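Below are the chains, spelled out letter by letter.
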Amino acid sequence: MAQGLYIPTFIANENFDPAVINPRVFYYNGLKTIDPSPVFASMDSSRFSTSYNRPGEFPYFDHYSSGSTDETPDEGSDSLLFFNEETAYGTLPTNTLYTEYWQTYIELLYNPKTRFIECQANLPFALYTDFKLNDIVLFKGSHFHLRAINDYNLKTGDCKLELLGPIIKDSLD
């Protein structure tokens, strides 16, 4: 006899309406061994007894990948969070989604030396279709990140460019 998968239903309010839960992404960090813990076998007014469940294993899912040693997060682990929270096991990782993908860009935006330039340009259609938003543009002898191409006119090729610079370190490598 095949057993079905049990999916818990979360209750949203006092009328027992089901809550809508969005999917979440976790790292699977293997199986964790659990120690025996007390389980209350009977609780009535005449007698109170406890028993212990057997040691076993449970699947360990977390926002952090397992570290290099004993399947627990460490400083070098990957994180699926923008700002790390305390871990259930192991030590708190230093890398987050923010540090991996956004920190360099945010630091560029708020750097006092950064300049945001809006300018007019005339781009041929072939060049316009080849541009990507991670391209580097040479403007008046300096390199800038292309931030946006706005109001492109298909007949004349006139448009407005948004440039951000100076470029992020190692962008030209």
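Coordinates for the structure precede this section.
Rules of the game
Residues numbered from 1 in each chain as written. Predicted model: local features only at pLDDT ≥ 70, side-chain atom pairs only at ≥ 80, totals over all residues. Heavy atoms only, no water. Helix = DSSP H or I, 4+ residues; strand = E, 2+ residues; numbered from the N terminus. Buried < 20%, exposed > 50% of the residue type's maximum accessible area, 1.4 Å probe, protein only. Pairing = 2+ DSSP bridges. Axes fitted to C-alpha atoms, helices over the stretch in contact; angles between N-to-C directions.

Colleague: What exactly am I supposed to notice about unusual backbone geometry here?
Modeller: What you tend to see is this: most non-glycine residues have negative phi, and most peptide bonds are trans. For Phe-16, which is not glycine, the phi torsion reads 60 degrees and is therefore positive. Position of Phe-16 relative to the elements: it lies in the segment before strand S1 (27-34). Relative accessible area serves as the criterion here: at 62%, Phe-16 is assigned to the exposed category. Non-glycine residue Asp-151 carries a positive phi angle of around 50 degrees. Within the secondary structure layout, Asp-151 lies in the loop between strand S7 (142-150) and strand S8 (158-165). The exposure class of Asp-151 is exposed, given its relative accessible area of 57%.

Colleague: Hey, could you run me through the sheet that holds S7 in this one?
Modeller: Strands belonging to one sheet form pairs held by backbone hydrogen bonds; the direction of such a pair is parallel or antiparallel. Read across the open sheet, the 4 strands follow the order S5-S8-S7-S6; overall the sheet is antiparallel. Both edges of this open sheet fall to strand S5 (115-122) and strand S6 (136-139), since each of them pairs with a single strand only. Going from strand to strand, the sheet's axes swing by 45 degrees on average, the running direction of each strand aside.

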